[in-house]
Amino acid sequence: MHTQRSVLRRVIVIAIVASIVLSILGFLVAPPIVKSQLVKRLSVELGRPVRIESVRINPWVLSVAIQGLAITDRDGGAFVAWDRIYVNFDSFSFFVKEWRFQEVTAVAPSGRVVVNQDRSLNFSDLLQKFAAKPAPADRSPAWPLRVGKLVVVGAQLDFADHSRSQEFATHVGPVNLSLLNFYTAPNRDAPYQFTAETGSGEKLRWAGTVSVNPLASEGELLISGIQPATYAPYYRDLVRFDVLGGVLDVSGRYKATLGERGLAATMESGHVHLTALKVAPRGSTASALELADLEITGLEATTTPLAVKATKVALFGGRASVHRSADGVIDLVAMMQPVGPPAGTAPVTPTAGDAKPKPQVDIGAVSVRQFNAVFEDLATPRRAVNTIDNAEVDLEKVTLADGAAIPVKIALSLPAQGAINLHGSIVLAPLQATLSVDAANVSLATISPYIEPMFNVHITQGAVSAKGDVHAALPANAPMELDYTGSVTVDRLGLVDGVGNEPLAGWSQLAVNGIEFKATPLSLAVKDVTWTDPTAHVVIGRDHAINLLEALKPAPAPAGTATAAPTPAVTLPATSTPPKISIGKVSVTNGAFTFVDRSVQPEVSTAVTQFGGTITGLSSENVARANVDLKATVDGGGPIAITGKLDPLGEKKSVDLKVDFKDVELTPFSPYSAKFAGYELARGKLFLDVNAKVAEQKVDMSNVVTLTQFTFGAPSQSPEATKLPVRLAVA
């Protein structure tokens, strides 16, 4: 009994002594030794100076704490540092054949990553030195790793990239990470939380689960405050534009797995919000495209199969400023063109095996509100500016599926209370549209610069309205299809000649109703045309130039302007047969046409007014020909009547008209008599009866001219007057 007590006492004493020795070695002796060896060995292995403030070891819980570590990079800058790192090893690891850590905590770690001009890293030497070597074939499987709690608090990272044409630098921090129950055994998920901020105000919040075997993660991701302009060094060489502003927020739930077949990922409940985006041509500070508020909700995406779905895409507020230069380059189009491969790079030729299936895209609704646009054209003789004050667009069930019809509504507000409204459907593959059109008060003055290269006239006023249905399609390997049924009205048109800047022509209204137009085969049918208050002013100038003929010439380019780029010709589908054209009725009301001749003095001035009547039955296939019944007066007195039949549209043109002038006062033409006959006209009236027939390219005309009360007045002494006895001839 005494012996047993002595043994027990001896064991207790040994245990106490061992504990004291272990404590002394662990708490007091080992830390400075470990610190010294770490500093020495790390400095040699890393090739960089290493400093450690202190090392603390707790032998009872198998924990190590290293405080104040700092590694200086080879250029003298900071490389890696932390305030404190704490590792608590689990002693049961040796019994269960697992590397177990109850806790790993890093407080205020920091690092610096530099990409050099040659694309090497500031630690490339370490990557090469510690590159993993192939494991021996007979190596036993590694023990699984288990970490009860991994915590990173207040991490900081400085990143600089000097390999780009425009250098990039950013600061990331603070970064916080919490990972619980991490285990590398198969199918073990570990919950985590990750947050980070950048120096430019971007924030990242990432939470969910992660597993290593297989490599997979599932959770929620939120990135806010992304400024695309900050990352220009990484995309500016791939595009032809600059991003001047914009803030992007992205969030959603995701699931990703990296397996033998590659990455399989899905996203759901996604949300994308882009505000204040400004895009400009390269080197310009004036934005060509602005998006005030773009939001995508209900975003879903999968990589296998490649598919994207969204509940709604909504744009509120925006502006497009489009400029076409004198050489015909449209800046918005040019800056969206892809950038070719770098010089010396062989182009990649796709092969049949490279063909990828078309992605599935389905968007429940697309909405655009408060969007406006300005198009400035410098390729015309005169600068042209066209604007859209407000555009509203609604699309439903948007998809890339072949043959799928997408309902669409478009409302455009234009200057001077103009408006264009479209609704119907479009198909993206093959491209086609079936729309109802309702356009009102669309100004024509803004298209004048596009008319002037063909005619020397200016459109000073006018508005077009249209209401009908249009169908357009671009079928593969077939002519373009274009059909229109409806009406077109042009109100308050005013034209001036480009030489004298005097009124040339116009009308109060031209209404074309019952239009049926087809491009393939080419045909046009019109129910009726009503022309109200048409006017025309023919002027012969002092230089004998006729304004109407001058107007048919192209306008000269302003001095000092570059030659405008040629406008591509619009080619209608070729047809082997003449187009079918028919117009049921043309009605003219209250026409007025004036004639002024300034080549004689005093100038001659006369007018045909109250012009009106009808032409019925115009047709390229009407054997009976159209009926003509037109009337007018000359200078408010002498009546004019034009009656008969004509066929200007048929294959065999024909005319059978009777033109009757009665009681036309001749004294307005006295300046001609004074100039060429040598005497002014005192009085006189004209009666003219003309019967004109044209058939099979033969002309048959009979004229009866009657002058009454024709009397010469005072002599004019004109040097151009004839020497013949004209008084005797009319006596």
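Just above, that's the structure.
Cut-offs and rules
Residues numbered from 1 in each chain as written. Predicted model: local features only at pLDDT ≥ 70, side-chain atom pairs only at ≥ 80, totals over all residues. Heavy atoms only, no water. Pairing = 2+ DSSP bridges. Helix = DSSP H or I, 4+ residues; strand = E, 2+ residues; numbered from the N terminus. Buried < 20%, exposed > 50% of the residue type's maximum accessible area, 1.4 Å probe, protein only. Salt bridge = Lys/Arg side-chain N within 4 Å of Asp/Glu carboxyl O.

Chemist: Tell me what's going on with the pairing of strand β30 (residues 654-665), and back it up with residues and numbers.
Modeler: Walk down a regular strand and you will see the side chains alternate between the two sheet faces. As paired elements, strand β29 (residues 638-647) and β30 share eight bridges and run antiparallel to each other. Looking at β30, one finds that A641 is bridged to D660. In sequence, β29 turns back onto β30 through a hairpin of six residues. Relative to strand β31 (residues 679-695), β30 runs antiparallel, the two sharing ten bridges.

Chemist: I'd love a proper account of unusual backbone geometry, names of residues and values included.
Modeler: Cis peptide bonds are those with omega within 30 degrees of zero, and the linkage from G173 to P174 qualifies with 0°. Mapped onto the secondary structure, P174 falls in strand β8 (residues 168-183). Residue T520 is joined to P521 through a cis peptide bond whose omega torsion reads -10°. Along the polypeptide, P521 turns up in the loop between β23 (503-519) and β24 (522-532). A positive phi angle is found at R119, which is not glycine, with a value near 70°. Structurally, the position occupied by R119 is in the loop between β6 (110-115) and α3 (124-129). A residue is classified by how much of its surface remains accessible, and R119, at 55% relative accessible area, is exposed.

Chemist: Break down the pattern of salt bridges for me, with residues and values.
Modeler: The tally for this structure, following the rule as stated, stands at 24 salt bridges. With its nearest N and O atoms 3.4 Å apart, the salt bridge here joins D73 to R112. One end of the pair, D73, is in the loop between β3 (63-72) and β4 (78-89); the other, R112, is in strand β6, with 39 residues separating them in the sequence. Here D73 falls in the buried class, since its relative accessible area comes to 4%. Overall, the relative accessible area of 18% leaves R112 in the buried class. Notably, a salt bridge pairs D483 with K518, separated by 3.6 Å at the nearest N-O pair.

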